[in-house]
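As a plain string of letters, each chain reads:
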Amino acid sequence: MEKPAAKNNTACALFQSRACAILNSETCESCPLASERPGQNQAELVKENVALFESLLPDEGVAYLFESGTCTVCKNEPKGSADRFAILDFGHHEPEEIQVRRLLQRSGVGFMMPLQFACCRKCGRRFVLSAYLPLLVPTVLTAVMIPLFVSPHLMQLVKSAAVWLPFVLVLLTAGGGYLLGKFLQQRLNRQFEQDMYFDLLSHPASKALMEKGWFPLLDRSGSAPILSRRRIEYGLGNAPSGAYAVKTEDKIPVNTEEIPENREIAD
Ligand SMILES: [Zn+2]
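This structure is a prediction, so every number in the text was calculated from the model and none was measured.

Draft legend 1. Molecular detail of the overall build of the chain. Counting its regular elements, the chain contains nine helices and four strands. Taken from the N to the C terminus, the helices and strands of the chain come in the order α-α-α-β-α-β-α-α-α-α-β-β-α. Per-residue burial for the chain yields a buried fraction of 22% across its 267 residues. Of all intrachain contacts in the chain linking residues separated by at least 6 positions in sequence, the fraction that spans at least 24 positions is 70%.

Below, the structure is given as structure tokens:
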């Protein structure tokens, strides 16, 4: 695993604080505090935002989803072992201050964070199969049709039936294949939903988040998740559960796995 740069700015007002742990920036340079302007008490503002963020999380938090060793997408026991992540982005209207800053990019969104569901191989493959089905079916159909179009004898037969028939066959193969793929996709998705949360928005974790005012940031593919072997380690919502367990007066919990050997942690 690539080791993160040390967060070693001992002069920072939030050095080794709970807010720093939850803020979960990769380095001090990538922290929102790095953009501090004179005359602003940015540290207080960041602390307030972190507290607000925490109040907008469900009681059980979100870290358990990516920390789970078993699939959190499987509905039934036994659940597969987790070996990838199904990631879905969520946004929140709060806080207004960040929303305003982000106006040029995406209005109406303050906090953003991904839900990272630990996912087994089977569930992961189902997401992929479903996503590619509308392309897969016309591709397979076209492959089947190729011998027809490269064989002069067969082509002659088709043309003798009607000169426009080859053209119609191509249209049917591409368009019809796509529609057939869409149809099969919907049937398959319903079947998958029986023993997995194929629609991740129906997952209890997504529902709990949406009850707190979060909304999914969906792209053209609807609620299809991004699949990744590695989880997103940094940023809001991606801190391990230990970060939230810290009491205000405590220092950041030391995750020995992620601390470079030459880094010294102050007692
Ligand atoms: Zn699974």
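Having seen the model, we can carry on.
Draft legend 2. Spatial organisation of the pairing of strand β2 (residues 112-120). Taken across its nine residues, β2 has eight buried, putting it largely inside the fold. For strand β1 (residues 82-91) and β2, the ladder comprises nine bridges, and the chain directions are antiparallel. Counted as the bridge partner of D89 is P114 from β2.

Draft legend 3. Summary view of the environment of A143. For A143, the location among the structural elements is in helix α5 (residues 121-150). Separated by 30 residues in sequence, A143 and T173 have C-alpha atoms that sit 9.7 Å apart.

Draft legend 4. Region of the structure containing the confidence of the model for the chain. When pLDDT is averaged across the chain, the result is 83; 82% of the residues are at 70 or more. Mean pLDDT across the elements of the chain ranges from a minimum in helix α4 (residues 96-101), with 64, to a maximum in helix α3 (residues 63-67), with 97. Predicted confidence for residues 253-267 stays below pLDDT 50, and this span has 13 contacts to residues more than four positions away or in other chains.

Draft legend 5. How the structure looks around the nonpolar core. Core analysis: the biggest nonpolar cluster contains 37 residues, and V73, F117, A118 and C119 have the highest contact counts within it. Taken together, the elements giving at least two residues each to this core come down to α1 (18-23), α2 (42-55), α3, β1, β2 and α5. If one sorts the elements of this core by residue count, β2 sits on top with six residues. Those residues in contact with F117 that lie beyond four places of it in its chain are L65, T72, V73, F85, A86 and L200.

Draft legend 6. Fine view of unusual backbone geometry. Residue E77 is joined to P78 through a cis peptide bond whose omega torsion reads -10°. In this structure, P78 sits in the loop between α3 and β1. With an omega dihedral of -15°, the bond running from E94 to P95 counts as a cis peptide bond. Counting through the fold element by element, P95 comes out in the loop between β1 and α4. Phi is positive for Q16, which is not a glycine, with a value near 55°. You can see Q16 is positioned in the segment before α1. Look at N24: it is not a glycine, yet its phi comes out positive at around 60°. Note that N24 resides in the loop between α1 and α2. Classification of N24 as buried rests on a count of 20 C-beta atoms within 10 Å.

Draft legend 7. A look at α2. With 14 residues, α2 should reach 20 Å at 1.5 Å per residue; the first-to-last C-alpha distance of 20 Å fits that figure. Every buried residue belonging to α2 is among V46, K47, N49, V50 and F53, and all of these are buried. Angularly, the buried residues of α2 cover 165° about the axis, an arc narrow enough to put them on a single face. Exposed and facing more than 90 degrees away from the buried side of α2 are E44 and S55.

Draft legend 8. Region of the structure containing the packing of α5 against helix α7 (residues 165-193). Taken N-terminus to C-terminus, the directions of α5 and α7 make an angle of 155°; their axes are 8 Å apart at the nearest point. Viewed along their axes, α5 and α7 adopt a mutual orientation that is roughly antiparallel. Crossing hand, α5 versus α7: right-handed.

Conventions we followed
- Residues numbered from 1 in each chain as written.
- Predicted model: local features only at pLDDT ≥ 70, side-chain atom pairs only at ≥ 80, totals over all residues.
- Helix = DSSP H or I, 4+ residues; strand = E, 2+ residues; numbered from the N terminus.
- Buried ≥ 20, exposed ≤ 12 C-beta atoms within 10 Å, placed from the backbone.
- Contact = placed C-beta atoms within 7 Å.
- Pairing = 2+ DSSP bridges.
- pLDDT = per-residue confidence, 0-100.
- Core = buried A, V, L, I, M, F, W, Y, C linked by C-beta atoms within 7 Å.
- Expected span 1.5 Å × (residues − 1).
- Arc of directions from axis to C-beta.
- Axes fitted to C-alpha atoms, helices over the stretch in contact; angles between N-to-C directions.
- Parallel < 35°, antiparallel > 145°, perpendicular 65-115°, else oblique.
- Left-handed = near helix turned anticlockwise from the far one by under 90°.

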